[in-house]
Amino acid sequence: MIVLQVAGIGTFVHESTHGVQFDAGGMAFRKDRKGVFGEDIFDEVEAYRSQYSFEPDSLIGPPFPPEQLIFKRIDTAWVRRLESRNGRIYSCGGSANVAQVRLTIYSGWEEIREGYHCDSELDRKYPPGYKPTNDSTLYYNAQNRRVAPR
Ligand SMILES: [Zn+2]
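Computed from a predicted model, the values in this text were never measured in an experiment.

A. Up close: helix H1 (residues 9-23). Taking 1.5 Å as the rise per residue, H1 with 15 residues should run 21 Å; its terminal C-alpha atoms sit 21 Å apart, in good agreement. Residues of H1 that are buried: His 14, Gln 21 and Phe 22. Buried residues of H1, viewed axially, fall in a sector of 105 degrees; they line one side. Contacts made by the buried residues of H1 are with helix H2 (41-54). One or two positions beyond H1, positive phi appears at Gly 25, with a value near 85 degrees.

Right, dumping it as structure tokens:
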């Protein structure tokens, strides 16, 4: 017998939400596959809310807080408390290295510095004048202007 191990619908919806965010210019992939630019705490709130809407049970139990979940409690504070074996995932300096302010591929240098102020490689990754759309190491979609360039 062959058993297909597939992640639940909740995880699928979560990752699909990030796909929509990418399509809208809300984030960019690094071409070396070592991470993402512009994934932020608000993107995670949206993704976890989508996940919860389709499969609430997928957010109950370890590593998630055992409290009784309701949709509205999935906010930035809730997301920042999520932990894996390696500690906090989305808080400042967490393993996922998500930005702590809302970022897109059109964000300016100062916003980026604020969003990634806990990144130990901040100065190397984002030197003065850094613009994501000028960064040839990023892969992004600038065709779908749902996030307005500034
Ligand atoms: Zn996510």
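Additional details are given in the paragraphs that follow.
B. Focus on the sheet that holds strand S5 (residues 138-139). Ordered in space as S2-S1-S5, the three strands form an open sheet in which the pairing is antiparallel. The sheet terminates laterally at strand S2 (36-37) and S5, the two strands that pair on one side only. As paired elements, strand S1 (residues 28-30) and S5 share two bridges and run antiparallel to each other. Paired with Arg 30 across the two strands is Leu 138, which belongs to S5.

C. Seen up close, the nonpolar core. Residues Ile 41, Tyr 48 and Ala 99 are the most contacted members of the largest nonpolar core, which totals 13 residues. In terms of residues, this core owes the most to one element, H2, which gives four residues. Every residue in contact with Tyr 48, bar those within four places of it in the chain, is listed here: His 14, Leu 59, Ile 74 and Val 79.

D. Structural view of the environment of Glu 46. Mapping Glu 46 onto the fold places it in helix H2. The class for Glu 46 is partly exposed, based on 18 C-beta atoms found within 10 Å. Taking C-alpha positions, Glu 46 is 7.5 Å from Thr 17, a pair spaced 29 residues apart along the chain.

E. Looking closely at the environment of Phe 42. Examined against the element boundaries, Phe 42 turns out to sit in helix H2. Judged by C-beta crowding, with 19 C-beta atoms within 10 Å, Phe 42 ranks as partly exposed. Considered as a pair, Phe 42 and Gln 100 are 58 residues apart in the sequence and their alpha carbons are 8.1 Å apart. If sequence neighbours within four positions are ignored, Phe 42 has contacts with Thr 76 and Arg 102.

F. Representation of H2 within the structure. For H2, with 14 residues, the first-to-last C-alpha span of 20 Å sits near the 20 Å given by 1.5 Å per residue. For H2, the complete set of buried residues consists of Ile 41, Asp 43, Glu 44, Ala 47, Tyr 48, Ser 50, Gln 51 and Tyr 52. Summarising the contacts, the buried residues of H2 are in contact with H1 and helix H3 (76-81).

G. Expanded view of unusual backbone geometry. Backbone geometry places Arg 33, a non-glycine residue, at a positive phi of 65 degrees. Residue placement: Arg 33 occurs in the loop between S1 and S2. Look at Asn 97: it is not a glycine, yet its phi comes out positive at around 50 degrees. As for its placement among the helices and strands, Asn 97 is situated in the loop between strand S4 (87-88) and helix H4 (109-115).

What counts, and at which threshold
- Residues numbered from 1 in each chain as written.
- Predicted model: local features only at pLDDT ≥ 70, side-chain atom pairs only at ≥ 80, totals over all residues.
- Helix = DSSP H or I, 4+ residues; strand = E, 2+ residues; numbered from the N terminus.
- Expected span 1.5 Å × (residues − 1).
- Buried ≥ 20, exposed ≤ 12 C-beta atoms within 10 Å, placed from the backbone.
- Arc of directions from axis to C-beta.
- Contact = placed C-beta atoms within 7 Å.
- Pairing = 2+ DSSP bridges.
- Core = buried A, V, L, I, M, F, W, Y, C linked by C-beta atoms within 7 Å.

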